[in-house]
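Examining the three-dimensional arrangement
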Amino acid sequence: MEDGQVSLTVCVEDHKYNPNNFWNGKWKSKWETKFPSAGGYATVSGVMSAQVHYYEDGNVQLLSNKKVEESVQMSDPAKAAANIVEFIKKSETEYQMAINENYTSMSNTTFKALRRNLPITQTLIDWHKLHGFQVGKDIMNKS
C-alpha cells in the first residue's frame, strides 16, 4: 500500500525456441494496477516487450517494447476486474498484430534491401575458386 492505494502487479512471460528453423523468441509484459482506497478510478499501466532472434545465414534481431496506460472506474469490482483483463488482452493483441504487420512489411522492403544482389550473370560467385582466375595477369599480357 502506497499513498493510500493498493498495488497489484502481474507479469507474463513466454519463450519459444526453434533451433531447427534457426529462430528464438521471447515475450514479456508487466502490468501494474493501482487501486484507490475508496472508489474512484484504478490506473492500469503496462510494458510489453518482444524479442525475436533469427540466425540462419546471418544474424537478425528484433527488439521492441511498448508502454500503455488506462483508467478503469471502480464502482463495481467485478466489472472493473473484467475491464482490466479486457484492457490487458486488447493491448497485447494490438501490439502483437502491429509487430506482425511491421515484420511483414520489413520482409518485403528492408530485408530485401539488405540482401546482396547477384552479379550480371545472375549466378553466385564461388569465392574459393576465384584465386584460379588470372584476369589481371591476362590484361597485362595483352598490353
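1. Side note on the pairing of strand β1 (residues 5–18)
As defined by bridge partners, β1 adjoins strand β2 (residues 23–36) across 14 bridges and the pair is classed as antiparallel. The partner of Y17 across the bridge, within β2, is N24. Between β1 and β2, which pair antiparallel in sequence order, lie four residues; one of them, F22, sits at a positive phi of approximately 65 degrees.

2. A word on the pattern of salt bridges
If you walk through the whole model with that rule in mind, you get one salt bridge. Ionic pairing is found between E94 and K90, a salt bridge with its closest N-O pair at 4.0 Å. With E94 and K90 both in helix α1 (residues 77–108) and four residues apart, the pair spans about one turn of that helix. Looking at E94, the relative accessible area reads 44%, which means it is partly exposed. Taking the relative accessible area as the measure of exposure, K90 reaches 48% and is therefore partly exposed.

The rules we used
Counting restarts for each chain: residues are numbered from 1 in the order of the written sequence. With pLDDT at 70 or above as the cut-off, local features in this predicted model cover only qualifying residues; side-chain atom pairs require 80 or more to be listed or tallied, and sums for whole chains, interfaces and linings still use all residues. The side-chain quantities take in all heavy atoms of the structure and omit both hydrogens and water. For two strands to pair, DSSP has to find at least two bridges joining them. Secondary structure elements follow DSSP: runs of H or I no shorter than four residues count as helices, runs of E no shorter than two count as strands, and numbering proceeds from the N terminus. Each reported salt bridge corresponds to a side-chain nitrogen of Lys or Arg within 4 Å of a carboxyl oxygen of Asp or Glu. For the exposure calls, accessible area comes from a 1.4 Å probe over protein chains only, and a residue counts as buried if that area is under 20% of its type's maximum, exposed if over 50%, partly exposed in between.

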